[in-house]
Amino acid sequence: MTVWHWVRHGPTHEKTFVGWRDVPADLSDTAQIERLQNHLPVEALVISSDLIRCIATADALQQSRPRLPHHRDLREMHFGLWDGMHFNEVAARDPDLSRAYWENPGDVAAPEGESWNQTAARVNAVVDAMNAAHPDTHIIAVAHFGVILTQVQRALGVTAHAAMAHKIDNLSVTTLAHQTGHWQVETINHLV
C-alpha cells in the first residue's frame, strides 16, 4: 500500500488567482510547522511541486526524510490569463467562461490555461508512476489546492464539482491510500 500525505503549501496571502505564478509561502507559524512535522511519518519520502511556495514548505517539513526532486507536474491548475487577477476581474472579463469553469469543471479551460481534466491527467500520471515505483511507502507530497482535490476526486470516485466542495486549508494534510488500483480516503483537510 502506498500512502499519500498531501500537504497544502503555507499561505501566500494573495487575494488574486495564483496558479503557476511563483509566489512565496508564509512559513512564520513555526508552532504549526512543528506540529505538522511531528504528525507526518518519519520514514516517508518527500516530494513537492516545483513552485517556491511548495519547495519552501517541503524544506520546512523534510527533517531527516529522503527528498525526491521537485516535480513540475504537481503544479497548481494553470489559470492562464486569469493568474494574478482578482475573482471580480475574472468574472467581468469572462463572465460565462468563469462561471462554467467553477460550476462545470471538467473540460472548460481558463484562457491560455488548462482545464480541471488536464490538471487531473498530469497529476494522475505522477501519482501512478510514484505508486508503481514506491509500493508500500509513505509519501509526503507538498502541493496545491487544485492538485490535492484532483486526488480527492479520484479516491472518492466523485465528480470534479463534488470534489471542489471540499476545503483544503494551507498546511493541512489529506491522507489517501492506494493498493492495486483501489483508493481509500483516510482524512481530508486534517489540521494539526
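A quick note: this is a predicted structure, and the numbers were derived from the prediction, not measured.

Rules of the game
Residues numbered from 1 in each chain as written. Predicted model: local features only at pLDDT ≥ 70, side-chain atom pairs only at ≥ 80, totals over all residues. Heavy atoms only, no water. Helix = DSSP H or I, 4+ residues; strand = E, 2+ residues; numbered from the N terminus. Rg over C-alpha atoms; globule rule 2.2 N^0.38 Å. Buried < 20%, exposed > 50% of the residue type's maximum accessible area, 1.4 Å probe, protein only. Contact = heavy atoms within 4.5 Å. Areas by Shrake-Rupley, 256 points an atom, 1.4 Å probe, with all protein chains shown as cover. Lys, Arg positive; Asp, Glu negative; His and termini not counted. Charge placed at Lys NZ, Arg CZ, Asp CG, Glu CD. 1 Å grid on protein atoms, 1.4 Å probe; cavity = no way out; pocket = protein on both sides within 12 Å on 5 of 7 lines; lining within 4 Å. Points joined across faces, edges and corners; volume = space filled by probe spheres on them. Nonpolar A, V, L, I, M, F, W, Y, C, P; charged D, E, K, R; others polar.

**Overview of the overall build of the protein**
Right, so step 1: Helix and strand counts for the protein stand at seven helices and five strands.
Right, so step 2: In terms of C-alpha radius of gyration, the protein reaches 16 Å, essentially the compact-globule figure of 16 Å for 192 residues.
Right, so step 3: Based on the C-alpha atoms only, the size of the protein along its principal axes is roughly 50 × 40 × 25 Å.
Right, so step 4: Across the 192 residues of the protein, 50% fall into the buried class.
Right, so step 5: Here the contacts in the protein between residues at least 6 apart in sequence split such that 68% fall between residues at least 24 apart.
Right, so step 6: Here the protein has roughly 8600 Å² of accessible surface; of this, 52% comes from carbon and sulfur atoms.
Right, so step 7: Of the side chains in the protein, 14 bear a positive and 22 a negative charge, and the two mean positions are spaced by 2 Å.

**Notes on the layout of surface pockets**
Right, so step 1: Estimated volume of the largest pocket: approximately 400 Å³.
Right, so step 2: Looking at the lining of the largest pocket residue by residue, the class counts come to seven nonpolar, six polar and four charged.

**Some thoughts on unusual backbone geometry**
Where the residue is not glycine, phi is negative for most of them; where a peptide bond is considered, it is trans in most cases.
Right, so step 1: With phi around 65 degrees, Leu-171 is a residue other than glycine that occupies positive phi space.
Right, so step 2: For Leu-171, the location among the structural elements is in the loop between α7 (160-163) and β4 (173-179).
Right, so step 3: Phi at Asn-189 is positive, roughly 60 degrees, even though this residue is not glycine.
Right, so step 4: Structurally, the position occupied by Asn-189 is in strand β5 (residues 182-190).

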